[in-house]
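# Residue-level structural notes
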2 protein chains.
Amino acid sequence: MKYNTYTTKPAPTVKIVGAGPGDADLLTIKAYKAIKNAKAILYDALIGKEILDFANPEATLVYVGKRANNHSYTQEEINQLMVDYAYNYGNVVRLKGGDPYIFGRGHEEYNYVTSFGIDVEVIPGISSAIAVPELSNIPLTKRGISESFWVLTATNRKGELSKDLLQAVKSDATIVVLMGVGKLNKIVELYQQNGKQELPVAIIQNGSLKTSKTVVGSVNTIAEIAIANKIGTPGIIVLGEVVNTNPAFILEKIRYENK
Amino acid sequence: MKYNTYTTKPAPTVKIVGAGPGDADLLTIKAYKAIKNAKAILYDALIGKEILDFANPEATLVYVGKRANNHSYTQEEINQLMVDYAYNYGNVVRLKGGDPYIFGRGHEEYNYVTSFGIDVEVIPGISSAIAVPELSNIPLTKRGISESFWVLTATNRKGELSKDLLQAVKSDATIVVLMGVGKLNKIVELYQQNGKQELPVAIIQNGSLKTSKTVVGSVNTIAEIAIANKIGTPGIIVLGEVVNTNPAFILEKIRYENK
């Protein structure tokens, strides 16, 4: 007995998914399911192999990262790719590091794809801004020590020092600077000009990965400590008294200062 | 054939786990595994049944929340319970809403348990501060509109308006106020005193849950809108131009203003 079968193209949908800070186990269940079920995945730099391995072996994986000297896609090209893949493959995942709505242009991507009448879902991810300090046992808030935290990038889209940083340096919030290691000297200078020479600072390189490295010091010492420990990018800088709440760091600091 | 078996007590360990904003699918894989493998779970208010259902049916679940008029544990009692359960059960999960290191006293718990020589691991969770606005399609940062975001609670531990809020109102950052709905009038007044009457504001009640409700307005209109829509706690307040980047909200605002 035979049936006629009719195949219709699946409805186009795009899921904009946060992959978290690196460790595959820090994906959400929702992100894991989305990756597993996707017909095509457009993924950024810093998305590890372990995470991509969750994809269906028959899914099409496309690297659209913007790193190093490889050919890089413009934001406009990425936007268009999402739409094209959604029409051709149906179920598309746009996979981004950390959380897609924190310095990630995820919202631009959402609005672009939605403007075609395509269903878009955003799936939050663990943001490195919070989790990376946390995994080095630095809480961004702590009763009696810090009542708030403020997250910035070191530079604006023109490459200048973020104007918000000029405000942040004067506040009592814990300050988290993303993508700031290359501007460390400028940040130190700004804090020194504002009389905060002794404020504790931590730099954490390579986030949640096994290669993670944390150094601590004060505004006055951190640049030298970073060089001595060969701290490179990507790194997250935390400025605030909360850095001193980890007893291990205090010992490390004493050792450094007694050298 | 018979073997002699020797049972030794399992080594005590405590995992301080973030449960995310509510939706069980927004747990991380790591948190899911920790809950599944725990012999005992000490959990807070706002941890949903779906999440607790991941636990082994033989695990001991203890509610240690601090809500409403129920008997509530003090922080000192919770600290001691973690240690007692770790010695008696071995593998204990301390399950907290959102992320355990954001306004959660997770770091105090970490330090307390560690001081007994017990192994402690912290597992980050999706923070409501970021994910709840995101699920209402409000990005906390957006190129050309907001270069940073600042997260606060409305009040400090004494119940006074947070002093950091007095700084935040003057900044260009997107401001996210947690646990602030009860202080909405005070916050509005503060923003009005600082000449920010027209700044867009959103309030999102019940975060990632199906009962979620979002209202938008300006500093001048939001209190009235909140009352008209019966907005209650728990809710998250977002103040900043990013609120206006969701086209649906702009329409809603026009409708409200033309009423």
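Residues numbered from 1 in each chain as written. Chains lettered and ligands numbered in written order. Predicted model: local features only at pLDDT ≥ 70, side-chain atom pairs only at ≥ 80, totals over all residues. Heavy atoms only, no water.

## Remarks on the nonpolar core
Membership of the largest hydrophobic core comes to 54 residues, with the highest contact counts inside it found for I175, I203 and L239 of chain A together with I175, I203 and L239 of chain B. Those residues within four positions of L239 of chain B in sequence are excluded, and the remaining contacts are A173, T174, I175, V177, I187, Y191, L199, P200, V201 and V219 of chain B. Listed in part, the 34 residues of the second largest apolar core include V151 and V176 of chain A together with I102 and V176 of chain B. (Core = buried A, V, L, I, M, F, W, Y, C linked by side-chain atoms within 4.5 Å. Buried < 20%, exposed > 50% of the residue type's maximum accessible area, 1.4 Å probe, protein only. Contact = heavy atoms within 4.5 Å.)

## Comments concerning the relation of the copies chain B and chain A
In screw terms, the move from chain B to chain A is a rotation of 180 degrees and a rise of 0.0 Å along the axis, fitting with an RMSD of 0.0 Å. On the angle and the small slide along the axis, the relation comes out as a two-fold axis. Interface overlap between copies is the fraction of interface residues in one copy that are interface residues in the other; for chain B against chain A it reaches 100%, indicating a shared surface. (Least-squares fit on C-alpha atoms with pLDDT ≥ 70 in both.)

## Some points on helix α3 (residues 75-89) of chain A
Three- or four-residue spacings in an α-helix give side chains the same orientation, since the helix completes a turn every 3.6 residues. All names here are of chain A. For α3, built from 15 residues, the straight-helix expectation of 21 Å at 1.5 Å per residue is met to within 8% by its first-to-last C-alpha distance of 21 Å. Burial in α3 covers these residues: Q75, I78, N79, L81, M82, V83, Y85 and A86. In this structure, the buried side of α3 is in contact with β1 (13-18), β2 (40-43), β3 (60-63), β4 (91-96) and α4 (106-114). Backbone geometry just after α3 places G90 at a positive phi near 90 degrees. (Helix = DSSP H or I, 4+ residues; strand = E, 2+ residues; numbered from the N terminus. Expected span 1.5 Å × (residues − 1).)

## Quick notes on empty space enclosed by the protein
Considering all chains together, one arrives at 2 cavities of 30 Å³ or more under this definition. Roughly 70 Å³ of volume is contained in the largest cavity. Along its surface, the largest cavity is lined by D99, G125, I126, S127, I130 and A131 of chain A together with D99, G125, I126, S127, I130 and A131 of chain B. Looking at the lining of the largest cavity, the elements that each hand over two or more residues are α5 (128-135) of chain A together with α5 (128-135) of chain B. Residue composition of the lining of the largest cavity, grouped by class: 6 nonpolar, 4 polar and 2 charged. (1 Å grid on protein atoms, 1.4 Å probe; cavity = no way out; pocket = protein on both sides within 12 Å on 5 of 7 lines; lining within 4 Å. Points joined across faces, edges and corners; volume = space filled by probe spheres on them. Nonpolar A, V, L, I, M, F, W, Y, C, P; charged D, E, K, R; others polar.)

## A few points about helix α4 (residues 106-114) of chain B
Residue and element names in this part refer to chain B. Buried within α4 are the following residues: G106, H107, E109, Y110 and V113. Seen along its axis, α4 keeps its buried residues to an arc of 160 degrees; they face one direction. On its buried side, α4 packs onto β1 (13-18), α3 (75-89), β4 (91-96) and β5 (119-123). (Arc of directions from axis to C-beta.)

## Observations regarding the interface of chain B and chain A
Opposite the 58 residues of chain B that make contact, chain A presents 58 residues. It is E134, R143 and E147 of chain B in chain B that bury the most area against chain A; as a group they hold 14% of the surface buried on that side. Summed over the shared surface of chain B and chain A, the result is 6 salt bridges. A salt bridge links D23 of chain B to K30 of chain A, with the shortest nitrogen-to-oxygen separation between them at 3.5 Å. If you look at where chain B meets chain A, you find 28 residue pairs in polar contact (both at pLDDT 80 or more). (Buried area = accessible area lost by both parts, 1.4 Å probe. Salt bridge = Lys/Arg side-chain N within 4 Å of Asp/Glu carboxyl O. Polar contact = N/O pair within 3.5 Å; in protein donor to acceptor, adjacent residues only side chain to side chain.)

## A look at the confidence of the model for chain A
Averaged over every residue, the pLDDT of chain A is 90; residues scoring 70 or more account for 90%. This prediction of the complex comes with two scores: 0.92 for pTM and 0.91 for ipTM. (pLDDT = per-residue confidence, 0-100.)

## Focus: the domain arrangement of chain A
All names here are of chain A. Here chain A is partitioned into domain 1 (13-123) and domain 2 (128-257). Between the C-alpha centres of domain 1 and domain 2 there is a distance of 29 Å. Summed over both sides, the interface of domain 1 with domain 2 buries roughly 650 Å², with 72% coming from carbon and sulfur. By the criterion of area lost to domain 2, the three top residues of domain 1 are P21, D23 and F103, representing 64% of everything that side buries. Linking domain 1 with domain 2 are 0 salt bridges. (Domains from an automatic or database assignment.)

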